[in-house]
Amino acid sequence: MSTATSVALDARRGFNRSIAAFFSVAARAYDQRTLQRVVYLPPQDEMVSLLERYGSRRIIDIGCGTGILTARMAKELDTEVVYGIDMSPGMLAKARQRSSLVQWRNEPAERLGLPDESVDAVITTTAFHFFNQAAALAEFQRVLRPGGLLAIDALNLRARWAAPVQRLTGARLSPAATPSPRQMVELITAAGFELAEQRPVRRPWYSRPVPDVLTVAIRR
Ligand SMILES: C[S@@+](CC[C@H](N)C(=O)[O-])C[C@H]1O[C@@H](n2cnc3c(N)ncnc32)[C@H](O)[C@@H]1O
């Protein structure tokens with residue numbers, strides 16, 4: 001990774017606690033149907049079909065929030081074990097009510113409690129911008145078996161319409177760090193993954209303003 005990229009992405013914060021607290025409050029409104037349909041559902045649909053295609057049976061959903069996708073994976077896919085990981089107790093409380101098929105764990109992406117090479121797939125939707133990305137990717141690499149699948153749905157705030165909005169809102173002050181697709185490839189490659197596929201998330205017309213990119217990689 002270039003020094004500039006690493007400086008830009010590491011100019012980050014020790015803010016995990018504030019994010020967890022924020023989402024514990026946001027948990028009350030998070031499952032609102034329109035919000036879910038417009039923002040969160042399209043990448044979740046992508047993940048379900050991707051995991052089906054790869055036949056992954058031991059799966060972790062990192063930053064699982066209220067567990068809508070996690071519970072869906074446990075119900076709809078042929079799995080051995082599904083873990084839902086989140087730092088926010090409020091989000092996880094809702095997730096626990098949703099499904100008893102998932103093993104819910106309150107821990108940060110950057111320090112997972114699972115053993116080395118214990119899962120077939122690590123996925124994350126609409127949460128990667130909050131992580132300490134280098135530390136989280138090192139953990140994903142550690143817990144994935146060789147040949148395992150990494151799938152990241154990440155916001156790309158450099159997308160056509162988003163960049164001017166970012167400038168206007170002074171989003172450089174935002175705690176979120178959103179790598180460009182190219183920076184994402186640099187990050188995953190440096191962490192020991194090989195890129196398999198990268199493209200915008202498929203979204204219906206009413207959802208297209210959400211600028212997110214799906215990056216799929218294989219653990220070396
Ligand atoms: C916008 S929500 C996305 C939830 C879910 N993936 C979805 O698609 O609906 C982001 C979630 O990431 C969690 N999160 C943020 N930083 C985290 C970290 N470092 N480790 C674990 N979870 C984190 C937050 O608590 C929040 O629940």
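Residues numbered from 1 in each chain as written. Predicted model: local features only at pLDDT ≥ 70, side-chain atom pairs only at ≥ 80, totals over all residues. Heavy atoms only, no water.

## Things to note about the packing of helix H2 (residues 16-30) against helix H5 (residues 89-98)
Okay, step 1: For the pair H2 and H5, interaxial distance at closest approach is 6 Å and the crossing angle is 40°. Taken as axis vectors, H2 and H5 run oblique relative to one another. The residues of H5 that touch H2, namely those facing Phe23, Ser24, Ala27, Arg28 and Tyr30, are Pro89, Gly90, Met91 and Lys94.
Okay, step 2: Class assignment for the residues of the contact of H2 with H5 results in five nonpolar, two polar and two charged. (Axes fitted to C-alpha atoms, helices over the stretch in contact; angles between N-to-C directions. Helix = DSSP H or I, 4+ residues; strand = E, 2+ residues; numbered from the N terminus. Parallel < 35°, antiparallel > 145°, perpendicular 65-115°, else oblique. Contact = heavy atoms within 4.5 Å. Nonpolar A, V, L, I, M, F, W, Y, C, P; charged D, E, K, R; others polar.)

## Here we look at helix H4 (residues 68-76)
Helical geometry note: an α-helix holds 3.6 residues per turn, so side chains three or four residues apart project in the same direction.
Okay, step 1: By the burial criterion, the buried members of H4 are Leu69, Thr70, Ala71, Met73 and Ala74.
Okay, step 2: The secondary structure elements touched by the buried residues of H4 are helix H3 (33-54), strand S1 (58-62), strand S2 (81-86), H5, strand S3 (103-106) and strand S4 (119-125). (Buried < 20%, exposed > 50% of the residue type's maximum accessible area, 1.4 Å probe, protein only.)

## Section: the site of the ligand
Okay, step 1: In the neighbourhood of the ligand, 22 residues make up the surrounding shell, with Tyr30, Gly63, Asp86, Ala109 and Thr125 lying closest.
Okay, step 2: Taking Asp86, its side chain carries an N or O atom lying 2.7 Å from an oxygen atom of the ligand.
Okay, step 3: Separating a nitrogen atom of the ligand from a backbone N or O atom of Met87 is a distance of 3.4 Å.
Okay, step 4: Within the complex, the protein chains bury 98% of what would otherwise be the 600 Å² of accessible surface of the ligand.
Okay, step 5: Looking at the shell around the ligand, the elements that each hand over two or more residues are H2 and H3. (Near = heavy atom within 4 Å. Polar contact = N/O pair within 3.5 Å; in protein donor to acceptor, adjacent residues only side chain to side chain. Areas by Shrake-Rupley, 256 points an atom, 1.4 Å probe, with all protein chains shown as cover.)

## A short note on the pairing of S3
Okay, step 1: Sheet topology places S2 next to S3; four bridges connect them, and they run parallel. Each bridged residue has a counterpart across the sheet, and for Gly84 the counterpart in S3 is Trp104.
Okay, step 2: Handedness of the crossover is the feature at issue here: the chain leaves S2, passes through H5, returns alongside S3, and the resulting connection is right-handed. (Pairing = 2+ DSSP bridges. Right-handed = clockwise from strand over helix to strand, strands pointing away.)

## Considerations on unusual backbone geometry
Okay, step 1: If you check the backbone angles, Glu117 has positive phi at about 50° while not being a glycine.
Okay, step 2: Relative to the assigned elements, Glu117 resides in the loop between S3 and S4.
Okay, step 3: The class of Glu117 is partly exposed, set by a relative accessible area of 41%.
Okay, step 4: One non-glycine residue, Thr126, adopts positive backbone phi at about 55°.
Okay, step 5: Among the secondary structure elements, Thr126 is positioned in the loop between S4 and helix H6 (133-143).

## Observations concerning the sheet that holds S3
Okay, step 1: Spatially, seven strands are ordered S3-S2-S1-S4-S5-S7-S6 in an open sheet, and the strand pairing comes out mixed. Where the open sheet ends on each side, the last strands, each with one partner, are S3 and strand S6 (193-200). Ignoring which end each strand starts from, the neighbouring axes of this sheet average 15° apart.
Okay, step 2: With seven bridges joining them, S6 and strand S7 (residues 212-219) adopt antiparallel strand pairing. The partner of Phe193 across the bridge, within S7, is Arg219.
Okay, step 3: Each of S1, S4, strand S5 (144-155), S6 and S7 is contacted by H3, which is oriented at about 165° to S5, the strand it contacts most.
Okay, step 4: Of the strands in this sheet, S1, S4, S5, S6 and S7 touch H6, which is tilted by about 145° from S5.

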